[in-house]
Amino acid sequence: MRILVTGSKGFIGKNLIAELKNRGYDNILEFDKDNTLQELKTYCEDIDFVFHLAGVNRPKNESEFMVGNFDLTKNLLEILEEKNNNTPILITSSIQAIKDNPYGKSKKAGEKLVRDYSNRTGSNVFVYRLQNVFGKWCKPNYNSVIATFCNNIAKGIEITINDSNVKLNLVYIDDVINQFIKTLKNKEIKIKGFCMVDTVYEVKLETIANLIKEFKCSRLKLEVPNMSDSFTKKLYSTYLSYLKEDDFSYDLKMNVDNRGSFTEFIRTKDRGQVSVNVSKSGITKGNHWHHTKNEKFLVVSGKGVIRFRKIDSSEIIEYFVSADKMQVVDIPTGYTHNIENLGETDMVTIMWVNEPFNPEKPDTYYELV
């Protein structure tokens, strides 16, 4: 299948082409503002589908709206009709098309062009009136408030909010692309009216700003956002894509003594805490038990033994562990337990506990195994 993508270097175009390639579509013709009309004519001779994404939304002069959003569409349709190629066309419009402003008028004019073309030629057209699209590779300080907020907050630049109560209707780039490719696969299905992306988030501007600020602070608190909320999950992925390239990493506090070290890695409000424990050769750590707190141990380097004893019993249970066989050991409540390094090198253990440590309610009681 030969697929033409106009606006190929834009935010949506780059994401679309990357995912088309991921899914095995390898005959993609890319057209952007650097290409010529003659190249477009050559491309249109033998194509099976058009993603017409090219457009202008922040020009220096208002007259450029019609040039970018109407004239190119007109040229594309005329070329296809001249080539007698009734290939299906997916065109991106905007919810602004219902508004009486230069951008909206140019988008509505483009919609009418493709509708008239479809009626005249029988070509199947899909007009997507997109809402505010966010995600990786979107240009900040241009036409996306989320891109601007993510970029500025990640880089320590002040953001401005004129009305914190404004609500935005937002669609995530991956959801847009998935729906576009679904349309490509079902290109013969006739759709009356406009196409919309199924998953839309209505969020206050203030909420968006606060979430992104929390993302920035999460490194210091060792927290991760609430990934069970789909908008937060997608916004966090977007935020990370705007980190400075020399700011991908951050330091952790290592609690070091003569036995080794203990370092907290991740804290969550509802899914517990992950830490890295390093024990030197011959060292035993632990010798305590919990009422409700529970843990999972995973030795990833070295070898050792985890010992258990129910606090009202004298029987000792042993689990020998090593990096040679990745094995998770649950630490049940009511059992005092310890872990000893039996090797000659450091033993590294990943430890998960079901709740972050609270010094006021540690639920940890010393007792030798």
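To be clear, the structure that these remarks concern was listed above.
A. Representation of the pattern of salt bridges. Under the definition given, this model contains 18 salt bridges. The residue Lys296 makes a salt bridge to Asp330 at a minimum N-O spacing of 2.8 Å. A residue pair is termed long-range when its members are at least 10 positions apart, and Lys296 in strand S13 (residues 295-301) and Asp330 in strand S16 (residues 328-331) qualify at 34 residues. The partly exposed category is assigned to Lys296, whose relative accessible area is 34%. Between Glu318 and Arg307 there is a salt bridge whose closest N-O contact spans 3.1 Å.

B. Seen up close, the packing of helix H1 (residues 11-22) against helix H6 (residues 173-185). Running from N to C, H1 and H6 cross one another at 60°; their axes reach a closest spacing of 10 Å. Of the possible angle classes, the one that applies to H1 and H6 is oblique. In this structure, the crossing between H1 and H6 has a hand that is right-handed. For the pair H1 and H6, contact is made by Phe11, Ile12, Asn15, Leu16, Glu19 and Leu20 and by Ile173, Ile177, Phe180, Ile181 and Leu184, respectively. For the contact of H1 with H6, the class distribution of residues is 9 nonpolar, 1 polar and 1 charged.

C. Main features of the packing of aromatic side chains. Taken as a whole and judged by the stated rule, the model has 11 aromatic pairs. Their ring planes at 90° and their centres at 6.4 Å tell us that Phe308 and Tyr335 sit as a pair that is edge-to-face. Of this pair, Phe308 sits in strand S14 (residues 303-310) while Tyr335 sits in strand S17 (residues 335-341); the two residues are 27 residues apart in sequence, bridging distant segments of the chain. Taken together, Phe49, Phe51, Tyr128 and Phe180 form an aromatic cluster joined through their ring pairs. The aromatic ring of Phe194 is capped on one face by Arg115, whose charged end is 5.1 Å from the ring centroid.

D. Layout of the packing of helix H5 (residues 145-154) against helix H7 (residues 205-221). Following both chains from N to C, one finds H5 and H7 inclined at 30°, their axes separated by 10 Å at the closest point. As judged from the angle between their axes, H5 and H7 are roughly parallel. In this structure, H5 crosses over H7, and the sense of that crossing is right-handed. On H7, the residues touching Val145, Ile146, Phe149, Cys150, Ile153 and Ala154 of H5 are Leu205, Ile208, Ala209, Ile212, Lys213 and Lys216. Tallied by class, residues from the contact of H5 with H7 come to 10 nonpolar, no polar and 2 charged.

E. Expanded view of the environment of Tyr117. Relative to the helices and strands, Tyr117 is located in helix H4 (residues 102-121). Tyr117 sits in the buried class, given a relative accessible area of 0%. Residues Tyr117 and Glu78, 39 residues apart in the sequence, show an inter-C-alpha distance of 9.0 Å. The contact partners of Tyr117, leaving out residues within four places of it in the chain, are Leu77, Leu80, Glu81, Asn85, Asn86, Ile89, Gly122 and Ser123.

What counts as what
Residues numbered from 1 in each chain as written. Predicted model: local features only at pLDDT ≥ 70, side-chain atom pairs only at ≥ 80, totals over all residues. Heavy atoms only, no water. Salt bridge = Lys/Arg side-chain N within 4 Å of Asp/Glu carboxyl O. Helix = DSSP H or I, 4+ residues; strand = E, 2+ residues; numbered from the N terminus. Buried < 20%, exposed > 50% of the residue type's maximum accessible area, 1.4 Å probe, protein only. Axes fitted to C-alpha atoms, helices over the stretch in contact; angles between N-to-C directions. Parallel < 35°, antiparallel > 145°, perpendicular 65-115°, else oblique. Left-handed = near helix turned anticlockwise from the far one by under 90°. Contact = heavy atoms within 4.5 Å. Nonpolar A, V, L, I, M, F, W, Y, C, P; charged D, E, K, R; others polar. Phe/Tyr/Trp six-rings, centres within 6.5 Å; stacked < 30°, edge-to-face > 60°. Lys NZ or Arg CZ within 6 Å of the ring centre and 35° of its normal.

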